[in-house]
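# Structural overview for review
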Amino acid sequence: MGFKEEIERRRTFGIISHPDAGKTTLTEKLLLFGGAIHIAGAVKSNKIKKTATSDFMEIERQRGISVATSVMGFEYGGVKINILDTPGHQDFAEDTFRTLTACDCVIIVVDAAKGVETQTRKLMQVCRMRKTPVMVFINKLDRPAQDPFDLLDEIEKELQIQVNPLSWPIGNGETFRGVYNLFDEGLYLFSPGGQTLPEGIEIRDLNSPDLEKYVGERAAAGLRENIELIREVYPGIDRQEYLEAQVAPFFFGSALNNFGIKELLDCFIRIAPSPLPRETEERTVRADEEKFTGFVFKIHANMDPNHRDRIAFVKICSGTFRRNTNYLHVRSNKMLKFSTPTAFMASKKSIIDEAYPGDIIGLHDTGNFKIGDTLTEGEKLHFKGIPSFSPELFKYIENADPMKSKQLAKGVDQLMDEGVAQLFVNQFNGRKLIGTVGALQFEVIEYRLLHEYGASCRWENLNLYKACWLEALDEKELAEFKKHKAQYMAKDKQGRDVFLADSAYILQMAQENYKKLVFHFTSEF
Ligand code: G4P
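The sections below set out a description of the structure shown in this document.

Definitions and limits used
Residues numbered from 1 in each chain as written. Predicted model: local features only at pLDDT ≥ 70, side-chain atom pairs only at ≥ 80, totals over all residues. Heavy atoms only, no water. Helix = DSSP H or I, 4+ residues; strand = E, 2+ residues; numbered from the N terminus. Buried < 20%, exposed > 50% of the residue type's maximum accessible area, 1.4 Å probe, protein only. Contact = heavy atoms within 4.5 Å. Areas by Shrake-Rupley, 256 points an atom, 1.4 Å probe, with all protein chains shown as cover. Phe/Tyr/Trp six-rings, centres within 6.5 Å; stacked < 30°, edge-to-face > 60°. Lys NZ or Arg CZ within 6 Å of the ring centre and 35° of its normal. Pairing = 2+ DSSP bridges. Axes fitted to C-alpha atoms, helices over the stretch in contact; angles between N-to-C directions. Core = buried A, V, L, I, M, F, W, Y, C linked by side-chain atoms within 4.5 Å. Domains from an automatic or database assignment.

### Observations regarding the overall build of the protein chain
- For the protein chain, the count of helices and strands is 14 helices and 30 strands.
- Within the protein chain, the fraction of its 525 residues that count as buried is 54%.
- If you take every contact in the protein chain between residues at least 6 apart in sequence, the share linking residues at least 24 apart comes to 72%.
- Per element, the accessible surface of the protein chain, about 23000 Å² overall, is 48% carbon and sulfur.

If you want it as structure tokens, here you go:
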């Protein structure tokens, strides 16, 4: 197979949802279709059990297990599919945001009874920002659910994207009879356990009297009416609009019952994008360019102090990656060679000789990499779109053991490179503060500093609302602002100016008083 065909046949995506909507179940069913696993329950996902929230070691242990499921590759219908796992736990939302930067498209799972929930809303914001094409899977139709038209409205409004139903449910909960697939025009009947129509019978024509026979008169009439309405309102899917992230195709089903998944997958492999061009600070990189480029979107550390190695996950953006070949690590300007690059097929890792755009490879790392780093064949490129997000919790970090200050500095540095949290230095008092998305990270950092670096830290609480990256439309105004707010000015790890707003009100006042400053909640704008 040629290089172009290899690219064309790749689909790299993430499944996102609010915890419990069914992401893990859907992932597993997709893998079953791909023949990547053979029994249900084989996927040990990144899912962090709710009961474990107070036990962060358990969470880290589960995260450890999840290296193998960080990327799940499989083949289906001649297409190479890479699913990137995203942790559902909100304390690891930053991990999820970053994983989304390596996805070319996304499937959102929504619980049919609960509709759009907080985590879905947040993650969709990231997709919108990056114009990522999304598909929606409405799950758990075997349970009592909201009216499908209400769900469409809610999703359109809450997720701020036009929707286009490609399947339509007949009833829900006890009255759930199946879905009519508008994409390939066929009726699929439901029975718990995931059977479709009884063998040999297929209903393609909605006017067929068989419809009454299988779903009953009322449901048949309701379905015909609904489909007519949908066809009037929604003109059928325009692939271009989906690829431009203007419209989200919509499917209904039940992941647990393996119902509606095949239809989703069949449509997905036909319309989802192959690896998209990616922006760098210097230029746009097309997937079919000959020379290899890629970036690091995730670093997974080994918690064992005797093996402090890490795996850097690299998304290949262009060209062919080859084992034992020298590549430029742009940030350090060093050439690096990798003898054991790994690929991930289902839950198996294997060393590969070559990988193509869209693929994710794991590179063994002894501390060279940090999130966002670019690898190339020599060109000095910097991939964009791997921003940091404003943390929500902040604490000053202090050295609790004066003999170990070097170890502490090194540990903090490396943990920040991994993207565990963000470090800021207050420019007024020179103190270091750490910002995280969840409370758990502070415990993780403290534990890892001690066990991996032999350093002890102490925390001091800090009540802050947000850290905002500043963009100056007028340098004089920025200088004035910095003078006025000196106590609240910090630098991030890249040396950029950050304003530490201690309340929403203070931030609002600053925005009103300094019209020529833009306050950003992400580090990239
Ligand atoms: P998540 O990864 O999004 O957090 O969700 P997950 O797939 O783990 O699903 C959450 C719960 O919802 C699980 O039940 C799962 O079995 C159930 N579920 C998923 N899809 C469906 C569906 O289509 N219909 C119904 N009725 N339930 C569904 P659990 O009891 O929390 O966990 P488990 O013990 O079954 O694993």
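### Some remarks on the packing of aromatic side chains
- Under the definition given, this model contains 23 aromatic pairs.
- Joined through ring pairs, the aromatic side chains of F292, F321, Y327, F338 and F369 make up one cluster.
- Its guanidinium or amino end placed over the ring of F313, K298 lies 5.5 Å from that ring's centre, counting from NZ or CZ.
- For R431, the ring lying beneath its charged end belongs to Y396, and the centroid distance is 3.9 Å.

### Focus: the sheet that holds strand β27 (residues 466-472)
- The strand order across the open sheet formed by eight strands is β26-β23-β25-β24-β28-β29-β27-β30, and the pairing between neighbours is antiparallel. Looking along the sheet, the strands with just one partner apiece sit at the ends: β26 (457-462) and β30 (517-520). Strand-to-strand twist in this sheet, taken as the mean axis angle between neighbours without regard to direction, amounts to 40°.
- Alignment of strand β23 (residues 393-399) against β26, held across six bridges, turns out to be antiparallel. Across the sheet, the residue bridging to K395 is N461, located in β26.
- Across the face of the sheet, helix α14 (residues 504-513) comes into contact with β27, β29 (497-501) and β30 while running at roughly 130° to β29.

### Here's the deal with the nonpolar core
- Counting residues in hydrophobic clusters, the biggest one holds 81 residues, and the most contacted among them are I138, I155, L223, F321 and F369.
- With six residues, strand β14 (residues 310-318) is the largest single contributor of residues to this core.
- Counting contributing residues per domain, this core is built from domain 1 (3-174 + 235-271) and domain 2 (279-376), each supplying no fewer than three.
- If sequence neighbours within four positions are ignored, I155 has contacts with V110, V116, V136, I138, Q160, I161, V163 and F250.
- By size, the runner-up hydrophobic cluster in this structure holds 29 residues, among which are Y76, V79, I83 and I107.

### Let's talk about the sheet that holds strand β8 (residues 178-181)
- Spatially, β7-β8-β9 is the arrangement adopted by the three strands of the open sheet, whose pairing is antiparallel. Each end of this open sheet is capped by a strand with a single partner; those strands are β7 (167-170) and β9 (186-189). Each strand of the sheet is rotated relative to its neighbour by a mean of 20°, with strand direction disregarded.
- As judged from the four bridges shared by β7 and β8, these two strands associate in the antiparallel manner. Each bridged residue has a counterpart across the sheet, and for W168 the counterpart in β8 is Y180.
- The strands touched by helix α8 (residues 217-233) within the sheet are β7, β8 and β9, with β7 carrying the most contacts at an inclination of about 155°.

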